[in-house]
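Report on the structure
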Amino acid sequence: MSLLVLILSVSAACCLGFGFVLQQNAASHAPLNDFLSPRLLLDLIRVPRWLGGIGLMVCGMVLGAIALGKGEVSQVEPLLATNLLFALGLSRHQTKKPLGRQGWSGLALLAGGVSAFILAGRPKGGDAVSDPLRHWLIIGIMIGLALLLTTYAKRSRLGAAPVLLALAAGVLYGVQDALTRVSGERFGEGGWGGLLVSWQPYGVLVLGVSGLVLVQSAFETAELRMSLPALTAAQPLAGILCGVGFLGDRLRTDVGALTWEAAGLAAIVTGIVLLGMHPAMPAGAKRTEPALDLQRR
């Protein structure tokens, strides 16, 4: 991995982590009757703190897109998962709570898992799969899974909804990252003309808006520790699956490498859960109270 890809990916993770905390601070006060509705975005757009969070998230997505253009999806995605470290850092600054054993354990597992996966797998680029059926099959499975999770979340409302919506959003964001990589290749080959006549950039836009509605609905209904771990864990897994499935990313497949790759992914997910459930994560508003006026924020 080049130093530039590392710097871009970690910088993107920093912007995303800070942005998620600011978004949740605002969305936790949104009216519940906007749950899973585009109206939620129209309400939140009036909140300066939410706009600041969105600005940071956009910066993170741009930096991530540049990193994806210069590296492999299977390299960049695990590094983007470190956004939780930065989210916890900002939350800890707000709550003044120490990391403790749980925080340090989660940090070590996440950092160690990312290192183990990249060092063992040694992701490399290869020739993208030309069969469109395989592209659409993998993308269709991902989108279908996100729709299924969203359907169950809508039925459960305030029960398991935050976790399910965050998982769905993470899956969509993983596919979005893969399509961002393809869009960058289209732009490199044919400039704006080649980019605008392909469907991938429009897919990036649709997935981005859909994921944003899901994420804000998850942030709206529960504290950050209920949603951010699921979001952070699902995105790299979906992105790696797309990268290996149809973008041509290659990982080492001998028994030793596969063992360490699996252990690395397991450590990443475990570290994400420990950090995401840390008491320093903001609790947000109590949803048993009447909806608050967003303009107070």
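Up top you'll find the structure we're talking about.
Described in the following lines is the structure provided in the data block. Here the structure is a predicted model, which is why all the values come from computation and not from measurement.

Rules and cut-offs
- Residues numbered from 1 in each chain as written.
- Predicted model: local features only at pLDDT ≥ 70, side-chain atom pairs only at ≥ 80, totals over all residues.
- Heavy atoms only, no water.
- Helix = DSSP H or I, 4+ residues; strand = E, 2+ residues; numbered from the N terminus.
- Polar contact = N/O pair within 3.5 Å; in protein donor to acceptor, adjacent residues only side chain to side chain.
- Contact = heavy atoms within 4.5 Å.
- Core = buried A, V, L, I, M, F, W, Y, C linked by side-chain atoms within 4.5 Å.
- Buried < 20%, exposed > 50% of the residue type's maximum accessible area, 1.4 Å probe, protein only.
- Phe/Tyr/Trp six-rings, centres within 6.5 Å; stacked < 30°, edge-to-face > 60°.
- Lys NZ or Arg CZ within 6 Å of the ring centre and 35° of its normal.
- Expected span 1.5 Å × (residues − 1).
- Arc of directions from axis to C-beta.

Moving on, we come to the side chain of Thr150. Checked against the element boundaries, Thr150 lands in helix H7 (residues 132-156). Engagement of the side chain of Thr150 in a polar contact is seen with the backbone oxygen of Ala146, the distance being 2.8 Å. If we skip the residues at most four places from it in the chain, Thr150 touches Leu36, Leu165, Ala168 and Leu214.

With that settled, the discussion passes to the nonpolar core. Core analysis: the largest hydrophobic core is formed by 77 residues, its most contacted members being Leu228 and Leu231. Considering each element in turn, this core owes the most residues, 13 residues, to helix H8 (residues 161-196). Filtering out sequence-adjacent residues up to four positions away, Leu231 remains in contact with Phe20, Ala166, Ala169, Gly170, Tyr173 and Val215.

All right, on to helix H4 (residues 73-80) then. Counting buried positions over the eight residues of H4 gives eight, a clear majority of the element. Taken together, the buried positions of H4 are occupied by Val73, Ser74, Gln75, Val76, Glu77, Pro78, Leu79 and Leu80.

Under the criterion given, the structure shown has four aromatic pairs. Ring geometry for Phe20 versus Phe219: centroids 6.2 Å apart, planes at 75°, classification edge-to-face. You can see Phe20 sitting in helix H1 (residues 3-27) and its partner Phe219 sitting in helix H9 (residues 200-221), a full 199 residues away along the chain. Residue Phe20 is classed as buried on the basis of its relative accessible area of 4%. Of the residues examined, Phe219 reaches a relative accessible area of 1% and is grouped as buried. Ring geometry for Phe187 against Trp192: centres 5.0 Å apart, planes inclined by 70°, an arrangement best described as edge-to-face. What makes Trp192 exposed here is its relative accessible area of 59%. Sitting over the ring of Tyr152, Arg155 keeps its end group 5.9 Å from the ring centre.

The subject of this paragraph is helix H11 (residues 255-276). Across its 22 residues, H11 extends 31 Å between first and last C-alpha, which sits within 8% of the 32 Å expected from 1.5 Å per residue. Within the sequence span of H11, burial applies to Ala257, Glu261, Gly264, Ala267, Ile268, Gly271, Ile272, Leu275 and Gly276. Considered in projection along H11, the buried side chains sweep an arc of 150° and stay on one side of the axis. Packing partners of the buried residues in H11 comprise H4, helix H5 (83-95), helix H6 (100-121) and helix H10 (224-246).

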